[in-house]
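Structural features, examined
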Amino acid sequence: MQSAASHTADVMAAVRQRIRSLNAGPFAATPIAVEIGNPAQFHPRDSDQPLVTVFVYRIELDNAAFLATPDGAQAVRLHALITAFCKSGASASESPGSFELRILTHVLRLFLEQPGFGPVRITNALPIGPAAALVAADLMITAQPRNLDIEDLNHIWTTQGDTPYRTSLAYCFSFGIITPARPADDGPPVLFPVLENPEDAGPGAIGPHPGLPPAGPAPAPEYGALVLNRGTASAPDLATEARFAAGAGDVVLPVVAIAEAAEPLALALDRWDAAGGGWRDASARLAPAAVTALERLALQGGAPMPASPVTLADDGTPALLRLRALRPGQPQAMQINPVLITLEAAP
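A few words now on the pattern of salt bridges. If you walk through the whole model with that rule in mind, you get 15 salt bridges. Glu35 serves as the salt-bridge partner of Arg16, at 3.9 Å between the closest nitrogen and oxygen. A residue pair is termed long-range when its members are at least 10 positions apart, and Arg16 in helix H1 (residues 7–20) and Glu35 in strand S1 (residues 33–36) qualify at 19 residues. Assessed through its relative accessible area of 24%, Arg16 is described here as partly exposed. Asp62 is the salt-bridge partner of Arg77, the closest N and O atoms lying 2.5 Å from each other. Separated by 15 residues along the polypeptide, Arg77 in strand S3 (residues 74–85) and Asp62 in strand S2 (residues 51–62) bring together distant segments of the chain. Overall, Asp62 belongs to the buried group, its relative accessible area being 7%. Each member of the salt-bridge network shares a partner with another, and the members are Glu222, Glu263 and Arg327.

Pasting the structure below:
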């Protein structure tokens, strides 16, 4: 069900982009290249352009962030070595080693002034089950500096072949999130079996009783999912948000709803009212205002994921819209994530 997307790779891409932001500041005159990979991949250096490598040398599982379960998610900490390569200084009076130290100093300052950056969304993971809230969350990344002793540095650099040791920084980036491709179908464990009738104190009440009254809270709502399939039925590319230009004409949304059973669901559209501070109904802009949900178990078995075309009328006004799916007559019986749609003003 998942594509080749990886949240851990997206996290490191955000780290790379964060370091590249130095090119808009102290290194505007001598831009630096930033690549993800081990130092040996870039030795010897063919280009004269300064290079910073981000080498993820360790992926650490972290169960303190939240408990990993088969149908939940796993958080990981990404330990990275940041190394600078310079064949010459920025000027004739500067040595390559001095230029490398300047680059590393600015990287240190970058993460010192703002250790948190992002957000880095989880993309192309099915927003269903206990991990559904993570899929729609704006996950921020935290950079934590690490001090490596001589033994740790020796272990890392001895794996780099004939690449000479260079002064480096070590950071831990938290968190990368791994979500399951298929939510588990196992129910919760039995914690306390009831083997007698609590309303009968007689000796005949001991043992299983067919007339036990129901106990405990009402059943939790079922999980469902609402996404846009930007790919094909056989190669889906799922998204929970979309952006379009206001005034460019009506938009056809490739809507996919997923539930435990194939059933009709009503679609509702809300528009954010900034002046009133709440959502306002705009369902009249949808055609049709219903969709048939696909069965989750069939999709897990490899069934295609066809999208239902739903036309969104464009009134030419920039707006933030929320597309929802509801079970007719039982709106509280199913929990489904909304799809956020932004209609942007023309540049």
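Moving on from the model shown.
The next thing to look at is the sheet that holds S3. Taken together, the six strands give an open sheet; going across it, the order is S1-S2-S3-S6-S5-S4, and neighbouring strands pair in mixed fashion. Single-partner strands in this sheet number two, and they are S1 and strand S4 (116–117). Bridge analysis of S1 against S2 gives four bridges, and the strand direction is parallel. Each residue of the ladder has a partner; that of Ile36, found in S2, is Val54. With respect to the sheet, H1 is in contact with S1, S2, S3, S4, strand S5 (141–146) and strand S6 (168–178), its orientation differing from that of S6 by roughly 140 degrees. The strands touched by helix H2 (residues 96–113) within the sheet are S2, S3, S4, S5 and S6, with S6 carrying the most contacts at an inclination of about 40 degrees.

Conventions used here
Here the residue index of a chain counts from 1 through its sequence in written order. It should be noted that, the model being predicted, local features are given only for residues of pLDDT at least 70 and side-chain atom pairs only at 80 or more, the latter also being counted only at that level, while totals for whole chains, interfaces and linings use all residues. The side-chain quantities take in all heavy atoms of the structure and omit both hydrogens and water. Within this document, salt bridges are pairs made up of a side-chain nitrogen of Lys or Arg and a carboxyl oxygen of Asp or Glu, the two lying within 4 Å of each other. By the criteria applied, helices consist of DSSP H or I runs no shorter than four residues and strands consist of E runs no shorter than two, each listed in order from the N terminus. Per-residue accessibility, obtained with a 1.4 Å probe over protein chains only, is compared with the maximum for each type, and a residue is labelled buried under 20%, exposed over 50%, and partly exposed between these values. Two strands form a pair only when DSSP identifies at least two bridges running between them. Any two residues having at least one pair of non-hydrogen atoms within 4.5 Å are treated as being in contact. All axes here are fitted lines through C-alpha atoms, helices being fitted over the stretch that makes contact, and every angle between N-to-C directions spans 0 to 180 degrees.

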